[in-house]
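Close look at the chain arrangement
So you can see what is in the structure, the chains are spelled out below.
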Amino acid sequence: MIELKGVDFHYGGENGTGDGVDGIDLTIADGECVVLCGRSGCGKTTLTRLINGLIPHFYEGELIGEVMIGEHNVSKSALSETSKIVGSVFQNPKSQFFNIDTTGELVFGCENTGLPRDEIGRRLDRTVRDLKLTPLLNRNIFELSGGEKQQIACGSVYAAEPQVYVLDEPSSNLDKKAINRIHDIFARMKANGNTIVISEHRIHYLMDIADRFIYLDDGIITGEYTADEMRAMSDETLAEMGLRCTDIRNIPANMQNDSFQNAAPALDVIDLSCSRGNSRILDIDRILLPENSIVAVVGDNGCGKSTLAEVLCGLSPSDGSVALGGTFLSDKQRQQQCYMVMQDVNRQLFSDSVLEEVMLHASVSKEEAEQTLADLGLADFADRHPASLSGGQKQRTAIAAALCAGKDIILYDEPTSGLDRTGMQRFGELLNSTRSKVRLSFIITHDPELILHCCTHVLHMERGRVTAFYPINAEGAQRIRHYFRSKSSDTTSKVREKQSQIGKILEYAGKERSKVYWAAFLMMIGAAASVLPYGIVGVLVRKILRGGTVTLAASAPLIGAVLLCEILYAVFYMLGLRVSHHAAFATLENIRCKLQEKLEQQPLGSVMARSKGELKKLFSDDIESIEMLLAHMIPEGAANLFVPAIALLLLFYTDWQLALLTLLTAGIGLSVSGRMYSAGMDRMGSYFAASKRMNSAIVEYVNGMEVVRVFNRDGAAGEKYEKAITDYRDLALNWYRVCWPWMALYGSVFSSIVLYSLPFGILLMLLGQLEISNYILALILSFGIGPLLLHCMNFVGSIPQVSFKIQSLEKALDEVPVKTGDKEITGDHSITFENVRFSYRDNEVIKGVSFRAEQGKTTALVGHSGSGKSTLAKLLVHYYDVSEGHIRIGNTDLCDTSLEQLNAHIAYVSQEVFLFNKSIMENIRAGRQNASDDEVIAAAKKAECHDFIMKLPKGYDTPAGLAGNMLSGGQKQRIAFARAILKDAPIIILDEATTFVDEENERKMRRAMEQITAGKTVIVIAHKLSSVRHADQIILLDQGAIAAAGTHEELTANSDQYRQLWAMSEETQNWKLKEARI
Amino acid sequence: MAKKEIAAAGASSKKLRTKELIYAGAFGALYIVLMLVIVLGTSMIPVLYLLAPITVGLVCGTVYLLCVLKVKKFGAALILGVLFALCACSNAWFSFVGAIAAALLAELVIKLGKYKSKMMYLLSFVAFNLNMACPYMMLSFARDSFLKRSVEYYGQEYADGIAKLAPTWIFFPILGFAVIGGILGALLANALIKKHFAKAGVV
Amino acid sequence: MNISVYGEDRGALVHFDPRTKFVIFLVSLAVSANSYNAAAHSIYCAVLCGMLFLCGKKWNAVKMSLLLGFAVYIRTCMEMQATGSTVIVTIISFLVTIFLYFFPMLVSLLIITQTTRVNQFLSAFQAMHIPTKIVIPIAVMFRFIPTVGEEWNGVRKAMAFRGMSLEPSAIIRHPVRTVEYILIPLLFSCISIMEELAAAALARGMDSSQQRTAYEPVRLKAYDYITIILFLTVGIWFFAAGLITGGAA
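Residues numbered from 1 in each chain as written. Chains lettered and ligands numbered in written order. Predicted model: local features only at pLDDT ≥ 70, side-chain atom pairs only at ≥ 80, totals over all residues.

Glancing now at the overall build of chain C. When you go through chain C residue by residue, the secondary structure sums to nine helices and zero strands. For chain C, the N- to C-terminal ordering of α and β elements is α-α-α-α-α-α-α-α-α. Expected size for 249 residues packed as a compact globule is a radius of gyration near 18 Å; at 23 Å, chain C overshoots this value by more than 25%. Taking the principal axes of the C-alpha coordinates as reference, chain C spans close to 60 × 55 × 35 Å. Counting every position in chain C, which comprises 249 residues, the buried fraction comes to 44%. Residue pairs at least 24 apart in sequence account for 81% of intrachain contacts in chain C once pairs closer than 6 positions are excluded. (Helix = DSSP H or I, 4+ residues; strand = E, 2+ residues; numbered from the N terminus. Rg over C-alpha atoms; globule rule 2.2 N^0.38 Å. Buried ≥ 20, exposed ≤ 12 C-beta atoms within 10 Å, placed from the backbone. Contact = placed C-beta atoms within 7 Å.)

Okay, here's the thing in structure tokens:
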């Protein structure tokens, strides 16, 4: 039990933060979770410091009264004693760890209390297990994101197993993903029966954990509320109290009603990409931000928001074009027009007074500067030192400096982290008032309240790409609220890549790696053999020059050796190539298998979201290009480098001065090719994006050719096609333009190494330092290694290409797989949807759907297109994971069972029927592999397929490719029916074809359907209401939610919406029939 | 943000407490990073390399003074000196000892001012900055053994060449530079502390 | 600027005790200062590369030994040919000698910093009975060096926005002002970080009077003793040889 009795505290020193607290009487029971809330400076943090003993042992001041935790007097005992029962987590993730590696930090508290090693090990295991920290173990803390650091901080106190946790604004610097994680951690702490005291501005994430909210105002406790009382407070009440929202769903949106329809673009970004080390951080096709807008940039930490901001300001090098106010500018020019208000505003205050700070390098007079300060409410502080101000005031000083310096574009990096509601609103108003003065405000933020309060647009980023850009209107507000409530994927940041590209490829090679090495070895011998003849010739020449007579007979062995070397060269080179190709193709197989495995685990939905062209490129072209690297680059490159190195050493042996000169020229050549490498790397991103676009466009064009011809829509599709191709051409040319000068240069440098050393050699000879015979030997050696080096450099040029391909491959492999388990499906075959929510990207398409489809009954899903019918079906077959809620078959959750199990229970007949390129017989047999021909034919008869199949040229043996063109949509679907009949799964999902043109076909269809559905649990996605009139249950969906449910009769009686839909459906039906008759 | 410990708990004790040890270590990191940046940044130009005692003194004086003013006890300068010696002078024992001696001298100067006199604090940096001359001690003290080794390796002629490049007296101007750097650094630190840190209430 | 002192020894073939690494470092200093025999010196350097390899930095070890081999080879070639003008020979052999002189120190420093974690240091220091007055500042220094790097990067960016140049020309024109612009934000933000760091460390019981325990075991094993003895012998031998040669010449 924590007890504060009549506690007064005031900070010593003149510029303390906040004024302390007065007359605090507070009792916190064991196992209780108490949230301290209130405005900035209300004394929340002081209260936490009183409990963890930092007051009075670290922060000086006047203390009256005492703080007791059970029998332990915090104010009197030493800090190290208190630390055994109180665990503290602080606001700033980057300043609260003491170690550099995460594991060391996790056990730090335990080590300090002197626990034995075994005990520490046990606690570490428990902490890692309970808080799910495994991916963060043994990492460099400086590589972690703020959220991850905060998790480690929580883990560190958790391992010390204190009775009480004191958390001082733990969420202020975190994104929503990290907030979700620490929420789970706090819940865990509470479940363990520990007392938790949290001081916090953001309270929405604590609503389900907190038992009691204590409201402080000006150092005095003025209110205590339960979670329910807090929830019941209206937004106005909260605003009055200076508190942030209790539920993100209730944040009011301050919609900007100006239209940006005709606004000129303030910022125009085309084909922007940015890489750091081996990984690509940004890959953006286009961003267009309108003039005078306030754009919020959202996305998880590490998605590239900050990098984008830095690139836009011209701070980080990038590739692509950025235009401000319509003119494309260089990095340097952008630096002059942009200003970033950093999260650590301390870093950007340089002067000794606020006024001075604003005037520094400003383009305005003193009066104007003072006016700006007054506008921002800083007039009273003009003479104060910026470092003595509060966080919010420092921030405003930085903004004032930006305004006075006449900056066009101001970027803010998480400006409201750690601000209370008043501070946040004030900042919002500030943004609005400066809106007309600056072209663009660009805000990186994790604060939904700020976005809804004052932003005009939202830019959503994911993994370095822009996934959405939308204005804040009614729909946008809904979207952003949803985004902040939805869970992000559970991935943690990657361990920073230290591996080189070549190392990575070798890793893929796996077992084949030794073969690659072997190949390299063989090729080295080959290459050495190719150089040796030059040496031999050198020796011969030397002999002649030294005055010896060379007869043919005497030199015959040498000439023989030259021949032998040539033969050896050919043999070893061939051998090497053979081995390396062997290794390469085996590796390709590995990679393809791995890719396929990964693709199978991934949500089918996201696989299908990729264009066919992209997938094809991934599977065949990109992987193919790795072959080049494995089979040629690595072994040949190694050989081509190794031999010149040996030759160089030989050269040193002959004459070190000349060798040094040669080395120098080679060095220049290398640095040049290094330039080329980086230049090439920069362009590579756009180059590949364009080639991907082109491929997709071509595939789309070819696929759509038929439609295009028929409907004569050549224009739009053709244009897209053309544009993709021109883009590709431009980029390819661009790339070559960058690289060609370098290619030419290094080509010439290398082939003329000899030329460079020629004059020096002569000089050395004149000085008597060099013997002519040595010189000639050196020359000949140079001739020998030149081509090898040149060869090698060619490979260096293509490394960026290959490495980029590897990256895109890895990205493809990187999607989060759907959750599966290995439980059997038990219970009956009913289907239960329980409060299911699902979002595609940040768009919620299913909003809390609950219903139950009984075993053996038919349930129809109806609704307008886009109401979520098909999505529900896709969720049921586990193409995607649900975001929230559960789908059960019998008693088993879909996430607990394997895809194979599920597949055995469900037959899904989709609208689009895919016919494999085999005979019709085999196509039907796809429903059940071991079915006999007779069974297949029986199924076909039931599905009313038999007749039309027999009319095909070869009956059941007709290849589907040939038959495909002769079959109508309805007939194809009946083949799918036959498959489903053959499969005989207990659950059938029918996605009804949209158009049946003739009645004959429809009748057959209906009969086939009756065949399949007899005795099964059936879900029909109906586009035509008449066909599901007799369903046991009809569920009417509207915009992702259930609008009404019941039988046809009930719905006709009760639901207007259903009646409307019914009428509409009938109408189109008639219209279609009529049309068909004409 | 003035955060001082309460008078009762330990200001009266002259021993350094954990908190102050942490400050000293952190300032040590600052000192060393700044020194390395300057030395590596200027080592392209040999003359600037020899002038490093001045440039480093100028920049690092403020760091040193903030450190000793924040702790105001025996040991702050010494710890800083030890950290410096560990990072910059561990190539030769006499440099190491020299650097520590410089730090002790600085402690002595501060003690003479009874841990209160601002003048003495400033003066102590002049003593402290003598450590910047220590890495160069090798040029004088180890010169002989270095030359002997060169004789061993390359012969007398070569050793004479080296001897000409680095005369014996080179150490004394460097010592002078260290004093100049100390004075300049103390002056700049005084100005900056008055202008910024005192005004903002940090020390 | 990327300063990192993050060490890890997971790839190590032999997990040496930090104290062993310190001994290697000290012996390397002695060897550098007292070696007059080119061949012995080179062999010692090669052994150090081997140690680096054993400690898990294989690639680094290979690179270092290639560099070493190259330097020794050049020197040998030069000696054998005995050509070249005096100036060039002097400059190059001076560079080579300096490189070889610092080589043992460099490699043993690599062994210490790249393969040892901060808490291993702490435990080792504790086992060596070094007072906490020294241990804590050293540990904090390691922890803080990357932070200073981060802050410095931030300040540099902030300066770019304000049009404050860090080009050499600007520094020469206004040396004091440039120093002020760098120091003020850097110091203010570092001071606030170190205060928070101190508070966090104390709140986790850093200044407990109790003996600290260590999760990472620090124990001298048989191979540690063997290594220490071998290195000490070599060190003493070099030292003695140095005294004799140095004294004789």
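For the rest of this paragraph, the subject is the overall build of chain A. Check the secondary structure of chain A and you find 37 helices and 30 strands. For chain A, the proportion of its 1078 residues judged to be buried stands at 45%. Across chain A, contacts joining residues at least 24 apart in sequence account for 76% of those joining residues at least 6 apart.

Looking at chain C, the domain boundaries give domain 1 (18-117 + 219-248) and domain 2 (129-203). Here the C-alpha centroids of domain 1 of chain C and domain 2 of chain C sit 34 Å apart. (Domains from an automatic or database assignment.)

Residues and elements named next belong to chain A. A sheet is described by the order of its strands in space; here six strands give the open sequence β6-β7-β8-β3-β9-β10, paired in mixed fashion. Sheet topology places β6 (86-89) and β10 (220-226) at the edges, where each strand pairs with a single neighbour. Averaged over neighbouring strand pairs, the angle between their axes works out to 20° when direction is ignored. Relative to strand β8 (residues 195-199), strand β7 (residues 164-168) runs parallel, the two sharing five bridges. Following the sheet pairing, Val-166 is matched in β8 by Val-197. Running over the sheet, helix α1 (residues 44-52) touches β3 (33-38), β6, β7, β8 and β9 (212-217) and is turned about 145° from β8. (Pairing = 2+ DSSP bridges. Axes fitted to C-alpha atoms, helices over the stretch in contact; angles between N-to-C directions.)

What follows is about the sheet that holds strand β2 (residues 21-28) of chain A. Hydrogen bonds along the backbone pair up the strands of a sheet, which may run parallel or antiparallel. Residues and elements named next belong to chain A. If you trace the four strands from one edge of the open sheet to the other, you get β2-β1-β4-β5, paired in antiparallel fashion. Strands with a single pairing partner mark the edges of an open sheet, and in this sheet they are β2 and β5 (72-73). Both strand β1 (residues 2-11) and strand β4 (residues 61-69) contribute to a ladder of eight bridges, which runs antiparallel. Among the inter-strand pairings, Lys-5 is bridged to a residue of β4, identified as Glu-66. Across the face of the sheet, α1 comes into contact with β1, β2 and β4 while running at roughly 120° to β1.

Time to look at the interface of chain A and chain C. With 53 residues of chain A at the interface, the matching set in chain C holds 52 residues. Looking at the side of chain A that touches chain C, the elements with two or more residues in it are α3 (79-85), α4 (102-112), α5 (117-131), α11 (331-337), β16 (338-341), α22 (612-654) and α23 (656-703) of chain A. No other element matches the six residues that α4 of chain A contributes to the side of chain A that touches chain C. Taken together, the residues of the side of chain A that touches chain C sort by class into 24 nonpolar, 22 polar and seven charged. (Nonpolar A, V, L, I, M, F, W, Y, C, P; charged D, E, K, R; others polar.)

Turning our eyes to something else, we now look at the environment of Phe-197 of chain B. All names here are of chain B. Structurally, Phe-197 can be placed in helix α11 (residues 171-200). The class of Phe-197 is buried, set by 24 C-beta atoms lying within 10 Å. The sequence separation of Phe-197 and Lys-70 amounts to 127 residues, and the corresponding C-alpha distance is 11 Å.

All names here are of chain A. Along the chain, Val-458 falls in strand β19 (residues 457-462). For Val-458, a count of 24 C-beta atoms within 10 Å corresponds to the buried category. A C-alpha to C-alpha distance of 7.0 Å links Val-458 and Ile-472, two positions 14 residues apart in sequence. Those residues in contact with Val-458, other than ones at most four positions away along the chain, are Ala-296, Val-298, Ile-451, Tyr-470, Ile-472, Gly-476 and Ile-480.

Burial runs high along helix α5 (residues 118-127) of chain C: eight of the ten residues are buried. Of the positions making up α5 of chain C, those classed as buried are Val-118, Asn-119, Gln-120, Phe-121, Leu-122, Ser-123, Ala-124 and Phe-125 of chain C. Looking at the buried positions of α5 of chain C, the neighbouring elements they touch are α4 of chain A together with α1 (18-34) and α6 (132-161) of chain C. Phi turns positive one or two residues past the end of α5 of chain C, at His-129 of chain C, with a value near 60°.

The next point concerns the packing of helix α4 (residues 52-71) of chain B against helix α8 (residues 175-203) of chain C. Packing of α4 of chain B against α8 of chain C leaves a shortest axis separation of 10 Å and a crossing angle of 30°. Here α8 of chain C runs roughly parallel to α4 of chain B, going by the angle between their axes. With respect to the hand of their crossing, α4 of chain B and α8 of chain C are arranged in right-handed fashion. For the pair α4 of chain B and α8 of chain C, contact is made by Leu-58, Val-59, Thr-62 and Leu-66 of chain B and by Val-179, Leu-183 and Leu-187 of chain C, respectively. Among the residues making up the contact of α4 of chain B with α8 of chain C, the classes are represented as six nonpolar, one polar and no charged. (Parallel < 35°, antiparallel > 145°, perpendicular 65-115°, else oblique. Left-handed = near helix turned anticlockwise from the far one by under 90°.)

Working note: non-glycine residues mostly have negative phi, and peptide bonds are mostly trans. Residue and element names in this part refer to chain A. In this structure, the amide linkage connecting Ile-55 to the following residue, Pro-56, adopts the cis form with an omega of 5°. Looking at the element boundaries, Pro-56 is found in helix α2 (residues 54-57). With phi around 45°, Glu-414 is a residue other than glycine that occupies positive phi space. Here Glu-414 is to be found in the loop between β17 (409-413) and α15 (421-434). Take Glu-414: there are 22 C-beta atoms within 10 Å of it, and that puts it in the buried class.

The next thing to look at is the pairing of strand β24 (residues 884-889) of chain A. All names here are of chain A. Sheet topology note: the strand β21 (residues 831-840)/β24 ladder contains five bridges and is antiparallel. Note on β24: the bridge partner recorded for Ile-831 is Ile-889. In terms of strand pairing, β24 meets strand β25 (residues 892-893) through two bridges, oriented antiparallel. Each bridged residue has a counterpart across the sheet, and for Arg-888 the counterpart in β25 is Asp-893. Between β24 and the antiparallel strand that follows it, β25, lie two residues; Gly-890 among them carries a positive phi value of about 60°.

Looking now at the environment of Ile-646 of chain A. Residue and element names in this part refer to chain A. Topologically, Ile-646 is positioned in helix α22. Residue class for Ile-646 comes out partly exposed when judged on the 14 C-beta atoms lying within 10 Å of it. A sequence separation of 189 residues divides Ile-646 from His-457, and the C-alpha atoms of the two residues are 62 Å apart.

Of all hydrophobic cores here, the largest spans 264 residues; its most connected members are Tyr-31, Cys-67 and Leu-80 of chain B. Per element, the largest residue contribution to this core is 19 residues, and it comes from α8 of chain C. The contact partners of Tyr-31 of chain B, leaving out residues within four places of it in the chain, are Cys-60, Val-63, Tyr-64, Leu-80 and Phe-84 of chain B. (Core = buried A, V, L, I, M, F, W, Y, C linked by C-beta atoms within 7 Å.)

Okay, the confidence of the model for chain C next. Residue and element names in this part refer to chain C. Across chain C, the average pLDDT comes to 83, with 95% of residues at or above 70. The least confident element of chain C, judged by mean pLDDT, is α5 at 80; the most confident is α8 at 91. Interface confidence for the predicted complex, given as ipTM, is 0.86, next to a pTM of 0.79. (pLDDT = per-residue confidence, 0-100.)

Residue and element names in this part refer to chain B. As a packed pair, helix α6 (residues 93-112) and helix α7 (residues 118-128) sit with axes 8 Å apart at the nearest point and diverge in direction by 165°. Here α6 lies roughly antiparallel to α7, going by the angle between them. Along this stretch, α6 crosses α7, giving a crossing that reads as right-handed. Contact with α6, carried on its side by Ala-102, Ala-103, Leu-105, Ala-106, Val-109, Ile-110 and Leu-112, involves Met-120, Tyr-121, Leu-123, Ser-124, Ala-127 and Phe-128 of α7 and no other residues of that element. Taken together, the residues of the contact of α6 with α7 break down into twelve nonpolar, one polar and no charged.

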